[in-house]
Amino acid sequence: MSSEITSLITFGEANFTGFSSMSGNLVAFTLLIALVVLAALEFSFPKRILPVKQLRQSYQTNAGLFIFNSLIISVTLTPLLMVADRYSDRGLLSYAEGPAWKALLSFLLLDLLLYCWHRISHSFDSLWMFHKVHHNDPYLNVSTTFRLHIVELLIITVLKSAYIVLLGVDKTMVLTNETLLTLFVMFHHSNISFRGEKRLGQVIIAPYLHCAHHSTERSEHDTNYGAVFSTWDRLLGTFNEREPAKIGIKNSSPQTVLGLVKFGFTPANPAPAPVYGPDLNLNAMIAEAAYYKAEKRAFKPGNELRDWLEAKRGIIRMVYGDRPGRRPQPFKSYILTVSSIPIIRNGKYHEIIERFYCSAYYPLYRRC
Ligand SMILES: [Zn+2]
């Protein structure tokens, strides 16, 4: 979300044709002022009283990660501006009449794009792996905006390039949109509380809404994905006004720059250890469950994929709970899952797996 900040502050260095580096520097200066003002407001009107030592650590880490990311992301920024320079008159926005409509549409669609990206990054383990770095700050404050993993930043840069080409967003609009977005994102990360905040939250993502998004509870942090307008969350059923009990992610996680870079490459959901020998894994369990289903249907052809998918869904749900990934159930329930498959109990475990893999039900399996 806060890739805009990295992009904008490095923009001053890019000095791309058609834009003076002054524009970039002016934007960077504006954002710096905003950062100072919001930090001062956090100090004067804090929503949660944060311990000074930990808050200092949070600022240091987030600033360090920002510098680390800036060193890399500035390499990808120039192509982004070149894309804006080259395709600004060819995209869908060329059908919109008047610069005001173009500007409004480009901003709204960018906000929608970021909503979608944010939601997707919470839905897939392979993306949450990187996004969890942003969520692991237990002392949410304006500097948390900068806590992003480099891989996530690079993916967002690619997405934005595609958005620029598709819509034909010119450089002025890119600069304006990114500045506004950055200001909104910094604002909603701030640890502040003020009168009228709830009313404001009906239209835009106010700090209390984004605070709920940083809850340790998945049911709460899978909500309020918006960057600017809360409208997307309202329309798409992810709006949440609950006050979170705890901020961050469950279990301990690193709080240093290098630790966070490494943490981003750590699978969000390590596989549970096998309890019934080295051959036992999720695929084997799914295979057995699928075979069991197939047997019940008397191996009637045409149901192979359905059997497999149903089995997969059932096993994943039993092992990980209501939703796959990221939240392994306690070890006990894993054992229960295994013992709940009748086929395992009858001692024909390996034989049945082989039969399943090599049967007409799964002919492409490599072991056959
Ligand atoms: Zn998030």
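Use the structure listed above.
Now for a look at the structure at hand. (Residues numbered from 1 in each chain as written. Predicted model: local features only at pLDDT ≥ 70, side-chain atom pairs only at ≥ 80, totals over all residues. Heavy atoms only, no water.)

So, on to the pattern of salt bridges. Pairing between side chains becomes possible if they bear opposite charge and their charged atoms approach one another. Counting across every chain of the model gives 7 salt bridges. With its nearest N and O atoms 3.3 Å apart, the salt bridge here joins Asp85 to Lys171. Taken together, the residues span a long stretch of sequence, with Asp85 in helix 3 (residues 52–87) and Lys171 in helix 7 (residues 171–189) at a distance of 86 residues. Residue Asp85 is classed as partly exposed on the basis of its relative accessible area of 41%. Linking Glu220 and Arg242 is a salt bridge whose minimum nitrogen-to-oxygen distance equals 3.4 Å. Of this pair, Glu220 sits in helix 10 (residues 218–221) while Arg242 sits in the loop between helix 11 (231–235) and helix 12 (257–263), and the two are 22 residues apart along the sequence. (Salt bridge = Lys/Arg side-chain N within 4 Å of Asp/Glu carboxyl O. Helix = DSSP H or I, 4+ residues; strand = E, 2+ residues; numbered from the N terminus. Buried < 20%, exposed > 50% of the residue type's maximum accessible area, 1.4 Å probe, protein only.)

Okay, the coordination of the zinc ion next. Bound to the zinc ion on the protein side are His118 (NE2), His122 (NE2), His131 (NE2), His135 (NE2) and His213 (NE2), at distances that span 2.1 to 2.2 Å. Donor residues for the zinc ion, ordered by position in the chain, follow H-x3-H-x8-H-x3-H-x77-H. Taken as a pair, His118 in helix 4 (residues 99–123) and His135 in helix 5 (residues 125–135) lie far apart in primary sequence, 17 residues in all. (Donors = N, O, S within 2.8 Å, 3.2 Å for Na, K, Ca; no water.)

Attention shifts here to the nonpolar core. Among the nonpolar cores identified, the biggest contains 16 residues, and Tyr163, Ile164, Val169, Leu181 and Ala227 are the most heavily contacted of them. Those elements that place two or more of their residues in this core are helix 3, helix 4, helix 6 (150–167) and helix 7. Element by element, the count of residues in this core is highest for helix 7, at 4 residues. Ignoring sequence-local partners within four residues, the contact set of Val169 consists of Ala84, Ser88, Leu93, Ser106, Tyr163, Ile164 and Val174. (Core = buried A, V, L, I, M, F, W, Y, C linked by side-chain atoms within 4.5 Å. Contact = heavy atoms within 4.5 Å.)

Here we come to the packing of aromatic side chains. Taken as a whole and judged by the stated rule, the model has 5 aromatic pairs. Considering the side-chain rings of Phe130 and Phe265, the 5.7 Å spacing of their centres and the 85° angle between planes classify their relative orientation as edge-to-face. Of this pair, Phe130 sits in helix 5 while Phe265 sits in the loop between helix 12 and helix 13 (282–296); the two residues are 135 residues apart in sequence, bridging distant segments of the chain. Ring geometry for Phe187 versus Phe194: centroids 6.1 Å apart, planes at 40°, classification tilted. Residue classification places Phe187 among the buried residues on the basis of a relative accessible area of 18%. (Phe/Tyr/Trp six-rings, centres within 6.5 Å; stacked < 30°, edge-to-face > 60°.)

In this section: the layout of surface pockets. Roughly 280 Å³ of internal volume is contained in the second largest pocket. Lining of the second largest pocket is provided by Ala39, Glu42, Phe43, Pro46, Arg48, Ile49, Leu50, Val52, Leu55, Arg56, Tyr59 and Asn191. The set of elements that each furnish at least two residues to the lining of the second largest pocket consists of helix 2 (21–44) and helix 3. The greatest single-element share of the lining of the second largest pocket, amounting to 4 residues, is contributed by helix 3. Looking at side-chain class alone, the lining of the second largest pocket contains 8 nonpolar, 1 polar and 3 charged residues. (1 Å grid on protein atoms, 1.4 Å probe; cavity = no way out; pocket = protein on both sides within 12 Å on 5 of 7 lines; lining within 4 Å. Points joined across faces, edges and corners; volume = space filled by probe spheres on them. Nonpolar A, V, L, I, M, F, W, Y, C, P; charged D, E, K, R; others polar.)

Function cannot be inferred from these measures alone, as they are strictly geometric.
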